[in-house]
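Examining the three-dimensional arrangement
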Amino acid sequence: MSFDLSVISSKNILLAVTGGIAAYKSAILVRRLKDYGFNVRVVMTHGAQAFIQPLTFQALSGNPVHTELLNPEAEAGMGHIELARWADLLLVAPASCDSLAKFAAGLADDLLSTLYLATKAPVWVAPAMNQQMWAAKATQRNLNTLIEDGVHVIMPDAGSQACGDVGLGRMPEPEEIAQQVKLYFHQAERAIAEKFGLLAGQRVVITAGPTREAIDPVRYISNHSTGKMGFSIAAACYAAGATVTLIAGPVSLDTPNGVSRINVSSAKHMLDESLQSLERGCDVFIATAAVADYRVAEVAEHKIKKAGDELAVALVKNPDIVATIAGQSKRPFMVGFAAETRNVEAYASEKLVVKKLDMIACNDVSRADIGFASDQNAMTVFFAERYKMDKRELEKASKQEIAQQLVEAIHDARVK
Ligand code: C5P
C-alpha cells in the first residue's frame, strides 16, 4: 500500500510569504493554521521582508523562519532539500507576480523558487496584487502554466485594494484559506479511509490487561482485568488498516492477528514501554489497561515470612501512564477508559480534562452483565470539548462490536 499517513495534527504546512502588502494577513494565517493543529514553518522572500519582519513569523509559528538559499548557517539547520521533504503542503500566500513568473519559468535563484522545484508536496498559491498586474497577459499566462503543472490557485477576491484601485487581486481572508487547507486534508483522509480502512496507515499503541505489583518474589497486587476489551480493540484497529502495538499486562489471551505484542508486568514497566513506543512513532494511544494505582514502596528481596496477626505493607502511587503520554510535547490522539460504579458521566468528563484526553470511553461496572470478565460491554463515549462532538452511547454488544464502534469514534473525531 502506498499512501501517506494523514492526520491533521501531524501535517506540515510550509507557508511561503512573498513581497506584497497582503503579507500582513499571513501572520494571522499562521495563527489560524496552528489553531487547526498544523505544524507551520515559514519561508520569506527578500521582498516579503520589506513588508514584515521574520521575527513576527518566528514567534507565531514557533519555528525559525527560512530566508536564505546559499547561507551555510541556514543550510546547517534545515537545508532546502530537507525543508522541501518536510512539507506536506507548500502554501504560497501571498504569491506575488514575480513568484508566479519564477515558478512558471522554473527558475531556482532563491530559497522559495528552489523549494518549489524540490518539493513533492502539493503547491497552493494565493496570488495577491494590484488588479492591473493581475489582469496583465503575462500574469495570466503564468497562472495557466502553473495550473497545467498541477498547482492549485486560491483565486483572489475583488474589492478595494491597498493601492487605492478597485478590482480583483485581494488575498482571501486567512480564516478562509486555513479552512480550505483543513478541508483538503480531511477529504484526502476520507478518501484513504474509504479505500484502505478507517485507520489506514495509523500507528496505534494500546495498553491492556492488569498490572502486577510485586510484594516479594512470590506475591503481588493485581486486579481482575482480563484484557479482553483491549485485545478486541487491537484486532479492530488492525482490521481498520492500522499498525498496532499492544502493551499487555499478564493475561491469558492469544495475540490478535497482525498485532505486535509487548508483555509487561508492573505499571512502571508498562510506562517505559509506552514511552518507547511513542519514540518509535504513535498516532493514536488507547489506554485500556487497568493499571494498579499503587505499588509496594519497597519490594522485599526474600519471601516475607508469616509473623504476628497483622502485616502492614506501605504503598506508593504509581505513575499515571495515559496522563504521562498525554503530557508529552508530541502527543498522539489520546483515548482513555473509565470504569465507574456511579456518577459515570461526571467522573468520565472530569478524567477527560484532568488526564488531557481527546476521548474517553466509560462503562458502568456496577452492571453485572457487562465489563471486566464479560464478553459483552456497553459504553458511553465523550470527546474533548474542542471536537464539538456529542457523546455517543454504545449499546450493549460483544466486545468486538464495541471495539469496532470505538474505532469509528476515533476516526470521526480525528477527521472532524
Ligand atoms: O484514573 P482511572 O484509573 O480511573 O483512569 C482510567 C484510565 O487511565 C484508563 O484509560 C487507564 O488505562 C488509565 N490509567 C493509566 N495509568 C494509571 C491509571 C490509569 O494509564 N496509573
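A few points on the structure. (Residues numbered from 1 in each chain as written. Predicted model: local features only at pLDDT ≥ 70, side-chain atom pairs only at ≥ 80, totals over all residues. Heavy atoms only, no water.)

Some details on the packing of aromatic side chains
To be explicit about the condition: Aromatic contacts are taken between Phe, Tyr and Trp rings whose centres are within 6.5 Å, Trp giving its six-membered ring; a plane angle under 30 degrees counts as stacked, one over 60 as edge-to-face, and the others as tilted. A 1.4 Å probe rolled over the protein chains alone gives each residue an accessible area, and that area as a share of the maximum for its type sets the label: buried under 20%, exposed over 50%, partly exposed in between. Secondary structure is summarised from DSSP: a helix means a run of H or I of at least four residues, a strand means a run of E of at least two, and numbering begins at the N terminus for each. Note on criteria: charge over ring means Lys NZ or Arg CZ within 6 Å of the ring centre, with the direction from the centre no more than 35 degrees off the ring normal.
Taken as a whole and judged by the stated rule, the model has 5 aromatic pairs. Relative to F185, the ring of Y184 has its centre 5.1 Å away and its plane inclined at 75 degrees; by these criteria the two rings are edge-to-face. Since its relative accessible area comes to 5%, F185 is described here as buried. Arranged with centres 5.8 Å apart and planes meeting at 70 degrees, the rings of F333 and Y387 form a pair that is edge-to-face. Note that F333 is positioned in strand β16 (residues 333-340) and Y387 in the loop between β18 (376-383) and β19 (392-398), a separation of 54 residues in sequence. An aromatic cluster is present here, built from F38, W124, Y184 and F185 joined pairwise through their rings. Lying across the ring of W86, R41 places its NZ or CZ 5.5 Å from the centre.

Overview of the state of the cysteines
Every disulfide links exactly two cysteines, by a covalent bond between their sulfur atoms. What counts here: Any two cysteine sulfur atoms lying within 2.5 Å of each other are counted as a disulfide.
As enumerated under the stated definition, the model contains 0 disulfides in all. Free cysteine C97: the closest other cysteine sulfur is in C163, separated by 12 Å. Between C282, a free cysteine, and C237, which holds the nearest cysteine sulfur, the sulfur-to-sulfur gap is 11 Å.

Side note on the pattern of salt bridges
Threshold: A pair is scored as a salt bridge if a Lys or Arg side-chain nitrogen falls within 4 Å of a carboxyl oxygen belonging to Asp or Glu.
All told, the structure shown has 16 salt bridges when counted by the stated rule. For K102, the salt bridge identified is with D110, shortest N-O distance 3.2 Å. Looking at D110, the relative accessible area reads 22%, which means it is partly exposed. Residues participating in the shared-partner salt-bridge network are D98, K102, D109 and D110.

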